[in-house]
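Chains, contacts and geometry: an overview
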Amino acid sequence: TWLPLALSTLLEEEAGVFDFQLLQRDAHSVAVRVGTGAAPDEAGRAIARCSKTLRALAQRDGLLGLRVVEEPGLPLLHGHSGKVKRVIAARGAAS
């Protein structure tokens, strides 16, 4: 189990991405989105850096078969407060 704050810090510090969202799809897959404020080519590069960083983390932790789904151009989801939640766990997933 990776803590949301640890994932956020990892992507900010290692991938250099600050406007992102991770959406857990199931036990072995996560979707990555970035804010739409960036130009399309920069958004693509940012998602690629996030994917690379997440795959490296999975490899370091021995998590085989992590699937990272890149979702360029899709909007970040906002919570009830209107703020973007950076990490969203799949329903029923352990926190």
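These numbers were taken from a predicted model, which means no experiment stands behind them.

The helix and strand tally for the protein chain stands at two helices and four strands. Taking 95 residues into account, the globule formula puts the C-alpha radius of gyration at 12 Å, and the protein chain, at 13 Å, falls close to it. Taken along the three principal axes of its C-alpha coordinates, the protein chain extends 35 × 30 × 20 Å. In the protein chain, buried positions account for 34% of the 95 residues. Considering only residue pairs separated by 6 or more positions, the protein chain has 63% of its internal contacts joining residues 24 or more positions apart. For the protein chain, the distance from the average site of its 12 positive side-chain charges to the average site of its 10 negative ones is 5 Å.

This part covers the pattern of salt bridges. Any two side chains of opposite charge can pair, on the condition that their charged atoms come close. Under the defined criterion, the tally for this structure stands at six salt bridges. Among the salt bridges present, the one from Glu 71 reaches Arg 33, with a minimum N-O distance of 2.6 Å. Here the residue Glu 71 occupies a position in the loop between strand 3 (67–70) and strand 4 (87–88), and Arg 33 occupies one in strand 2 (residues 29–34), the gap between them amounting to 38 residues. Comparing Glu 71 with Arg 33, the two get one shared label, buried.

Residues Leu 11, Val 17, Leu 22, Val 32, Val 34 and Leu 54 are the most contacted members of the largest nonpolar core, which totals 20 residues. Every element with two or more residues in this core is listed here: helix 1 (4–15), strand 1 (20–26), strand 2 and helix 2 (40–60). For this core, the leading source of residues is helix 2, giving seven residues. Setting aside its immediate chain neighbours within four residues, Val 17 contacts Leu 11, Glu 12, Val 34, Ala 46, Arg 49 and Cys 50.

With that settled, the discussion passes to the packing of helix 1 against helix 2. Two elements in contact, helix 1 and helix 2, have axes separated by 10 Å at closest approach and are oriented at 120°. Here helix 1 is positioned oblique relative to helix 2, judged by the angle of their axes. The element helix 1 and its partner helix 2 pack so that their crossing is right-handed. The segment helix 1 lies against helix 2, with Leu 7, Leu 10, Leu 11, Glu 14 and Ala 15 engaging Arg 49, Cys 50, Thr 53, Leu 54, Leu 57 and Arg 60. Of the residues assigned to the contact of helix 1 with helix 2, the class counts are seven nonpolar, one polar and three charged.

Moving on: the side chain of Thr 53. As for its placement among the helices and strands, Thr 53 is situated in helix 2. For Thr 53, a relative accessible area of 8% puts it in the buried group. Here Arg 49 takes part through its backbone oxygen, which lies 2.9 Å from a polar atom of the side chain of Thr 53. Discounting chain neighbours no more than four positions away, the residues touching Thr 53 are Leu 10, Leu 11, Glu 14 and Ala 15.

Scoring rules and cut-offs
The written sequence of each chain sets the order in which its residues are numbered from 1. With the structure being a predicted model, the display of local features is reserved for residues of pLDDT at least 70 and the display and counting of side-chain atom pairs for 80 or more, all residues being used for whole-chain, interface and lining totals. The basis for every side-chain value is the complete set of non-hydrogen atoms in the structure, without hydrogens or water. Think of it this way: any DSSP run of H or I at least four residues long counts as a helix, any run of E at least two long counts as a strand, and we number them from the N terminus. For the radius of gyration, the atoms used are the C-alpha atoms, and the globule rule reads 2.2 Å times the number of residues raised to 0.38. Throughout this description, buried means an accessible area under 20% of the type-specific maximum (1.4 Å probe, protein chains only), exposed means over 50%, and partly exposed covers the range between. Note on contacts: a residue pair qualifies if any of its non-hydrogen atoms lie within 4.5 Å across the two residues. As used throughout, the charge tally considers Lys and Arg to be positive and Asp and Glu to be negative, leaving His and the chain termini uncounted. Working definition for charges: the position is that of NZ of Lys, CZ of Arg, CG of Asp or CD of Glu. In the sections that follow, a salt bridge refers to a side-chain nitrogen of Lys or Arg positioned within 4 Å of a carboxyl oxygen of Asp or Glu. Buried residues of nine kinds, namely Ala, Val, Leu, Ile, Met, Phe, Trp, Tyr and Cys, make up a nonpolar core once their side-chain atoms join them within 4.5 Å. Each axis is a line fitted through C-alpha atoms, and for a helix only the stretch in contact is used; angles between axes span 0 to 180 degrees, taken between their N-to-C directions. Oblique is the label for any angle not covered by the other classes, which are roughly parallel (under 35 degrees), roughly antiparallel (over 145) and roughly perpendicular (65 to 115). The handedness criterion is simple: a crossing whose near helix is rotated anticlockwise from the far helix by less than a right angle is left-handed, and one whose near helix is rotated clockwise is right-handed. Gly falls in the polar group here, along with every residue not listed as nonpolar (Ala, Val, Leu, Ile, Met, Phe, Trp, Tyr, Cys, Pro) or charged (Asp, Glu, Lys, Arg). Whenever two N or O atoms come within 3.5 Å, that pair is a polar contact, provided that in protein one can donate a hydrogen and the other can accept it, and provided that, for residues adjacent in sequence, both atoms are side-chain atoms.

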